[in-house]
Amino acid sequence: MSYKMHILVCGGTGCRASASHQIITRLEECLKEKNLEDEVQVIATGCFGFCEKGPIVKVMPDNTFYVQVKPDDAEEIVNEHVIKGRKVERLLYKDPEKKEAVSDSKHMGFYKKQLRIALRNCGFIDPENIEEYIAREGYSALAKCITKMKPEEVINEIKLSGLRGRGGGGFPTGLKWEFASKYQADQKYVVCNADEGDPGAFMDRSIMEGDPHSVIEAMAICGYSIGATKGLVYIRAEYPLAIQRLKTAIHQAEEFGLLGENIFGSNFSFNIELRYGAGAFVCGEETALIHSMEGHRGEPTMKPPFPAESGYLNRPTNVNNVETLANIPAIIIKGANWFNKIGTERSKGTKVFALAGKINNVGLIEVPMGTTLREVIYEIGGGIKNGKKFKAVQTGGPSGGCLTEKHLDVPIDFDNLLASGSMMGSGGMIVMDEDDCMVSVAKFYLEFTVEESCGKCTPCRIGNKRLHETLDKITQGKGTMEDLETLKNLSRVIKDTALCGLGQTSPNPVLSTIDNFYDEYLAHIKDKKCPAGQCKALLMFHIDPELCIGCGLCARNCPVDAIVGERKEPHFINTAKCIKCGACMEKCKFKAVSTR
Amino acid sequence: MEKIKSLADLKRIKENVQTKIDLREKSEQVENLIQIKVAMATCGIAAGSKDTMNYFIENLEKNGIAAVVTQTGCMGYCYAEPTVEITKPGKDPIVFGHVTTERAEEIIQKYLKNDELVADIIPVNFETI
Ligand SMILES: Cc1cc2nc3c(=O)[nH]c(=O)nc-3n(C[C@H](O)[C@H](O)[C@H](O)COP(=O)(O)O)c2cc1C
Ligand code: SF4
Ligand code: SF4
Ligand code: SF4
Ligand code: FES
Ligand code: FES
C-alpha cells in the first residue's frame, strides 16, 4: 500500500536555521501516535526558494503551502489537515497585495511565472535518496550518453541546445566542451565551480543541497564527452550542508555503480572528489580557482592558455558552474530542440535569480530567459515592500550595474542586460526603492571589491581603493565636480587594464549609477543633499516651529546639547553642534523634528 | 547494493521506485487530472469514508485512471456520508452521496470511465476553494 499523502518539509540551509528538522521529528511523532505512519510520508527536501518565509511545509497531493511553520505546529497539521482534511488557515501563505490566504501553491504568484529546469528537483525530492532522483529520470541522461551516443554527439547536442555558462561569462557550453575534447593528454579534468562568491547569491548552494545528483550526473556526462575520468568540485567550506549532501550523493552513486569503473558496462570510468575553498571571491575566477586547487595562492593568471588547453596540473580542464551543469541532464533527456525553444534568440533556457531587497517575495526563482524585469518584480516578486516606489534593480552583483524604470520591460537575457549597462552575472537581483541612495549602493559594491581584490595587479588594487575613497568623499558632502570626472576616467582605466574579470568589471556599479542617476550625484556634490535621506553626513535636522510645543523632551535627549529653547516655546537645533544621531526625531511626540 | 550495470538495470530500478514520487508528480499537474475529494470529518469516517478512500486509491490504479485522491473536511451532507466530490478536468465538480465501496466501484466504471452519471448525486450550488 503506497502513501496517501506526502508532507514535504524544507531541509535547505535557510529553513534548517529555523529548526525545520525538528518539524520533521514532531510530524513523525504525531503521525505515529495516530497510527498514520504508513499512510503519510514525511520527506526532507531541498530549498523551495521561499526561504524568507521559511520553514516551508508543503502537503501533497493538495499542494497546500504552509509558511513559517514551527515545530509546535506539527500537531495541528496532523490533527486538522491530515486527519480532518481542514487546512490550517493561519499557516497558509498570504498574498502580499490582497492580504488573503492562498490555499495552494498553484495559486501563488511566486510560482506561476516560473519554469524550473535547473531547480526541477529542488523542493520536490529527498536529496539524500538517490532512488528519488532515479525516479525522476535521474541518471537516464548519463545512460543515454554512454550507451547510445558518441562523445561528439553529446557535444553537438549541447551546442545545438544553445546553453551558455551560468557562472557569469555566458560562454557557450558546448563550444567549451569541444575545445577541451580536442586536446590530447594523459589525463583531463572536469571541474565544477561551486565557489559562489557574489554577495547575496545562493542558487548554486540550493542546487547542491536540493539536487546534488544532477550536478554529479552532468559532470560524468561532461567527462564522457571530453575524455576525462576525474571530476573535482571546488566548493567553499562555508557551505557545510551542501558539502554533506554532495558527499552523500557521491557515495550513493558509487554504491549504485553510477560513478566508478566501467559505468553502465562500458569502458568509461569516472570519479569525483571535493576540494574546499576558503571563500575568497576571486577564487571563483577559473584560473585562480585552479591555482587554489593546486595548492598555490588563489590568484588569477593571464589567459590564454585557457583551462581547456592547460588547466589543473597543466592538463586540459573544463570548468563549469553548478547551475550550468544542472541543466545538462534535462537537455540530454528532453533534447536540444526542446531546450532551444525556451528563451530568446541568443540566450536559451532559463536563469535562476536570487531576488532580494525591497520586494515582497524574497527568494530563489527560475524564469525563462526573456522574462521582463517587470514580470519578475511585480508578478513573481509581488511588488515593492510597503507600497513604496520602485527605484532600481541591481543585477550581476559587484560586476553588474543598476537598471531603472526605463528598463522594466526589457526581456532579461545575457545581451540585453549588457546593452542596458548591467550584466547577468551569477543571478543576483537586488531591488531598491525610493529610500535607497545610489551613491551609497555604488560605495557598498566598491567596498566589497576592495576587500576581495587579490592585489596582484595595480589598477585593481589601487584604482578600486581610489574609487571607493572618492565615493566616500561624495557621500560625506565633500565631493566636487572634478571628483565625478575622476570617477569616470579612473573607472575606464581600471576596466581596460586590470588583469582578471574582477578588476575588469568592478567599476560597473560606479559607471552605471552615474549614467542612470546623475542627478543624485549632483545633489550630493552641489546641493550637499542626499535625496534618499541615507547619507548621514548630509542630513540636516530641523524643528518645525509650527508643530513644536516646547516640551523640551528632545533637548533632554540630545547627547551633545545641540537643542535650545524656552519652555513652551519652539525649540531650535544648533546645526554646528548636532552630530546627527536622530535621537530628537525619535523622541518628539509631535513629529516636529524632520530632516531635509 | 547490487550495482547498475546496464540501461536495463537502471530502467528496472526506476520502475520500482516510481511509486515513491508518483503522488507528487501527479499533484504537480492536478489541473489535468481527475480530482477526487473524500469527506473525512468525524461523520464521514464513522460512515466508512476511510474504506472508500482506500478503495479509490487502490482501484483507480488497477483501472488505469490517473487521478489525485485527497481528503477534505465536512462538506455538510452528513445525512449522505460517505460523500465524495469528483472534478474532471474542465468540468464542474459533482458530489456523490452514500459512497460505499460498492458504489465507489460503480462510480469508477460508469462516471470515471464512461462519463455516465449514477444515482444519488447531491446538487451543489456553491464555490469551493
Ligand atoms: C572575480 C570572478 C569571480 C567569479 N566567481 C565565480 C563563481 O563564484 N562561480 C562560478 O561558477 N563562476 C565564477 N566566475 C566565472 C568563472 O571564471 C568561469 O567563467 C565559470 O566558472 C565558467 O563556468 P560556466 O561557463 O559554466 O559559467 C568568476 C569570474 C570572476 C572574474
Ligand atoms: S584584477 Fe584584481 S583580483 Fe584580478 S588579478 Fe588584478 S588585483 Fe587580482
Ligand atoms: S520634543 Fe518635539 S515638541 Fe518637544 S520641544 Fe522637542 S521638537 Fe518641540
Ligand atoms: S540629531 Fe542628535 S545631536 Fe542632533 S539635535 Fe537631534 S539629538 Fe541632538
Ligand atoms: S531553505 Fe527552505 S525555502 Fe529555501
Ligand atoms: S549616500 Fe548617497 S544619496 Fe546619499
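A brief report on the enclosed structure follows. Predicted, not measured: the structure shown is a model, and the values here were computed from it.

Here we look at the overall build of chain B
Within chain B, the secondary structure is distributed over four helices and five strands. Secondary structure elements in chain B, listed N-terminal to C-terminal, are α-β-α-α-β-β-β-α-β. Within chain B, the fraction of its 129 residues that count as buried is 46%. Within chain B, contacts between residues at least 6 apart in sequence are counted, and of these 61% link residues at least 24 apart. When the accessible surface of chain B is split by element, carbon and sulfur atoms take 52% of a total near 6,600 Å².

Section: the site of ligand 4
Residues in close proximity to ligand 4 total 13 residues, the closest being Cys558(A), Cys578(A), Cys581(A), Gly582(A) and Cys584(A). Residue composition of the shell around ligand 4, grouped by class: 11 nonpolar, one polar and one charged.

Some thoughts on the pattern of salt bridges
Residues and elements named next belong to chain A. Counting across every chain of the model gives 45 salt bridges over all chains. The residue Glu-76 makes a salt bridge to Arg-90 at a minimum N-O spacing of 2.7 Å. Residue Glu-76 is located in helix H3 (residues 74-84), and its partner Arg-90 is located in the loop between H3 and helix H4 (109-112); the two are separated by 14 residues in the primary sequence. Accessibility expressed as a relative area gives 31% for Glu-76, which makes it partly exposed.

As for the site of ligand 1
Residues and elements named next belong to chain A. Near ligand 1 there are 18 residues, and of these Gly-167, Asn-193, Asn-320, Asn-321 and Thr-324 occur at the shortest range. A distance of 2.9 Å separates an oxygen atom of ligand 1 from a polar atom in the side chain of Lys-176. A distance of 2.8 Å separates an oxygen atom of ligand 1 from a polar atom in the side chain of Thr-324. Summarising the interface, the protein chains cover 88% of the accessible area of ligand 1, which totals 610 Å² for the free molecule. Every element with two or more residues in the shell around ligand 1 is listed here: strand S8 (317-321) and helix H20 (501-505). The biggest single contributor to the shell around ligand 1 is S8, with three residues. Considering only residue class, the shell around ligand 1 consists of three nonpolar, nine polar and six charged.

Remarks on the side chain of Thr372(A)
Tracing the sequence through the fold places Thr372(A) in the loop between strand S10 (363-368) and helix H15 (373-380). In this structure Thr372(A) touches Leu408(A), Asp409(A), Val410(A), Pro411(A) and Ile412(A), once residues within four positions along its chain are discounted.

A few points about the interface of chain B and chain A
The interface is formed by 35 residues belonging to chain B together with 46 residues belonging to chain A. In total, chain B and chain A occlude about 3,300 Å² of area from one another, counting both sides; carbon and sulfur atoms represent 62% of this. Linking chain B to chain A there are six salt bridges. For Glu28(B), the salt bridge is made with Lys58(A), and the minimal N-O distance between the two is 3.9 Å. Counting across the interface, chain B meets chain A through 12 residue pairs in polar contact (both at pLDDT 80 or more). Elements with a minimum of two residues in the side of chain B that touches chain A: helix H1 (7-28), helix H3 (49-62) and strand S2 (67-72) of chain B. Take the side of chain B that touches chain A: its biggest share by element is 13 residues, from H1(B). Grouping the amino acids of the side of chain B that touches chain A by side-chain chemistry returns 16 nonpolar, nine polar and 10 charged.

Description of a nonpolar patch on the surface
Residues and elements named next belong to chain A. A cluster of nonpolar side chains, namely Phe-171, Phe-179 and Tyr-183, defines an oily patch on the protein surface of about 270 Å² accessible area. Residue placement: Phe-179 occurs in helix H8 (residues 173-182). For Phe-179, a relative accessible area of 40% translates into the label partly exposed.

A closer look at the nonpolar core
Ranked by size, the top nonpolar core spans 115 residues in total, and within it Ile134(A) and Tyr139(A) carry the most contacts. Here the element with the most residues in this core is helix H10 (residues 212-226) of chain A; it accounts for nine residues.

Structural notes on the packing of H10(A) against helix H13 (residues 322-334) of chain A
Residue and element names in this part refer to chain A. Put simply, H10 and H13 touch, their axes get as near as 8 Å, and they point 75° apart. Comparing their axes, H13 and H10 come out roughly perpendicular. On the side of H10, the interface is formed by Ser-214, Val-215, Glu-217, Ala-218, Met-219 and Ile-221, while H13 contributes Val-322, Leu-325, Ala-326, Ile-328, Pro-329 and Ile-332. A class-by-class count of the residues in the contact of H10 with H13 yields 10 nonpolar, one polar and one charged.

Let's talk about the side chain of Gln394(A)
Residues and elements named next belong to chain A. In this structure, Gln-394 sits in strand S11 (residues 390-395). Within the structure, Gln-394 has its side chain in polar contact with the side chain of Tyr-445 (distance 3.3 Å). For Gln-394, the residues in contact, after removing those within four places along its chain, are Gly-400, Gly-401, Cys-402, Gly-428, Met-429, Ile-430, Met-432 and Tyr-445.

Here we look at the sheet that holds strand S5 (residues 189-194) of chain A
Residue and element names in this part refer to chain A. Spatially, S7-S6-S5-S8 is the arrangement adopted by the four strands of the open sheet, whose pairing is parallel. Taken across any chain shown, the strands that pair with only one partner, and hence form the sheet edges, are strand S7 (271-277) and S8. Sheet twist, expressed as the average angle between the axes of neighbouring strands with direction ignored, equals 25°. Examined bridge by bridge, strand S6 (residues 230-236) and S7 share seven bridges and lie parallel to one another. Looking at S7, one finds that Gly-231 is bridged to Ile-272. Set on the sheet, helix H12 (residues 286-293) makes contact with S5, S6, S7 and S8; between it and S6 the angle comes to about 100°.

Side note on the sheet that holds S2(B)
Residue and element names in this part refer to chain B. The strand order across the open sheet formed by five strands is S2-S1-S3-S4-S5, and the pairing between neighbours is mixed. The outermost strands of the open sheet, each flanked by one partner alone, are S2 and strand S5 (121-122). As paired elements, strand S1 (residues 34-39) and strand S3 (residues 84-87) share four bridges and run antiparallel to each other. The partner of Val-38 across the bridge, within S3, is Val-84.

Overview of the pairing of strand S9 (residues 350-357) of chain A
Taken residue by residue, a regular strand's side chains alternate between the two faces of the sheet. Residues and elements named next belong to chain A. The element S9 is extensively covered by neighbouring structure, given that six of its eight residues are classed as buried. One ladder, built from six bridges, connects S9 with S10; its direction is antiparallel. Residue pairing across strands places Lys-351 opposite Val-367, the latter belonging to S10. Counted between consecutive antiparallel strands, the loop separating S9 from S10 contains five residues. The pairing of S9 with strand S13 (residues 428-433) spans four bridges and is classified as parallel. Bridge pairing in S13 links Ala-354 to Gly-428.

Points about helix H19 (residues 481-497) of chain A
For an α-helix, the turn length of 3.6 residues means that residues three or four places apart are oriented alike. Residue and element names in this part refer to chain A. A rise of 1.5 Å per residue sets the reference length of H19, with its 17 residues, at 24 Å; its end C-alpha atoms lie 25 Å apart and thus fit the reference within 8%. Those residues of H19 not exposed but buried are Asp-483, Leu-484, Leu-487, Ser-491 and Ile-494. In a view along the axis of H19, the buried residues occupy a sector of 105°, so they form one face of it. Among the exposed residues of H19, those oriented more than 90 degrees off its buried face are Glu-482 and Asp-496.

Rules used throughout
- Residues numbered from 1 in each chain as written.
- Chains lettered and ligands numbered in written order.
- Predicted model: local features only at pLDDT ≥ 70, side-chain atom pairs only at ≥ 80, totals over all residues.
- Heavy atoms only, no water.
- Helix = DSSP H or I, 4+ residues; strand = E, 2+ residues; numbered from the N terminus.
- Buried < 20%, exposed > 50% of the residue type's maximum accessible area, 1.4 Å probe, protein only.
- Contact = heavy atoms within 4.5 Å.
- Areas by Shrake-Rupley, 256 points an atom, 1.4 Å probe, with all protein chains shown as cover.
- Near = heavy atom within 4 Å.
- Nonpolar A, V, L, I, M, F, W, Y, C, P; charged D, E, K, R; others polar.
- Salt bridge = Lys/Arg side-chain N within 4 Å of Asp/Glu carboxyl O.
- Polar contact = N/O pair within 3.5 Å; in protein donor to acceptor, adjacent residues only side chain to side chain.
- Buried area = accessible area lost by both parts, 1.4 Å probe.
- Patch = residues over 30% accessible without salt bridge, like charges linked within 9 Å, V, L, I, M, F, W, Y side chains within 5 Å.
- Core = buried A, V, L, I, M, F, W, Y, C linked by side-chain atoms within 4.5 Å.
- Axes fitted to C-alpha atoms, helices over the stretch in contact; angles between N-to-C directions.
- Parallel < 35°, antiparallel > 145°, perpendicular 65-115°, else oblique.
- Pairing = 2+ DSSP bridges.
- Expected span 1.5 Å × (residues − 1).
- Arc of directions from axis to C-beta.

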